[in-house]
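Descriptive structure summary
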Amino acid sequence: MAKSPEEGMASLIQNLETKTGKSIAAWVAIARQSGLTKHKEIVTLLKAEPHSLTHGYANQVAIQAL
């Protein structure tokens, strides 16, 4: 059975914390502290070392940070 968008988002957030050890709030704080103001810049930052998030996680963090 297909998940609703809300269930999918809850799963993504839970998996992010499980895989990285940091909550979505912690990742949003990292993104905001960077001083970057464009979506693509934040995604690029989060995908690079030392963060190494996947594109999906980095994209969601960037959306929430902005």
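Residues numbered from 1 in each chain as written. Predicted model: local features only at pLDDT ≥ 70, side-chain atom pairs only at ≥ 80, totals over all residues. Heavy atoms only, no water.

1. Points about the overall build of the protein
We apply this condition: Numbered from the N terminus, helices here are DSSP runs of H or I no shorter than four residues, and strands are runs of E no shorter than two. Atoms counted for the radius of gyration: C-alpha only. Globule rule: 2.2 Å times the number of residues to the power 0.38. Buried means the residue's accessible area, taken with a 1.4 Å probe over protein chains only, is under 20% of the maximum for its type, while exposed means over 50%, and partly exposed covers the values in between. By definition in these notes, contact holds between two residues if any of their heavy atoms fall within 4.5 Å. With residues, only the protein chains shown are counted as cover, and all accessible areas are computed by Shrake-Rupley using a 1.4 Å probe. Charged-residue counts in this description rest on Lys and Arg as positive and Asp and Glu as negative, His and the chain ends being excluded. Charge positions come from single atoms, namely NZ of Lys, CZ of Arg, CG of Asp or CD of Glu.
Looking only at helices and strands, the protein features 4 helices and 0 strands. What you see in the protein, going N to C, is helices and strands ordered as α-α-α-α. Relative to the globule expectation of 11 Å for 66 residues, the C-alpha radius of gyration of the protein, 12 Å, shows essentially globular dimensions. Principal axes of the C-alpha set define a box for the protein whose edges measure 40 × 20 × 15 Å. Taken over 66 residues, the protein has a buried fraction of 26%. Residue pairs in contact within the protein that sit at least 24 positions apart in sequence constitute 47% of those at least 6 positions apart. Of the roughly 4,400 Å² of accessible surface on the protein, a fraction of 57% belongs to carbon and sulfur atoms. Between the averaged position of the 7 positive side-chain charges in the protein and that of its 5 negative side-chain charges there is a distance of 7 Å.

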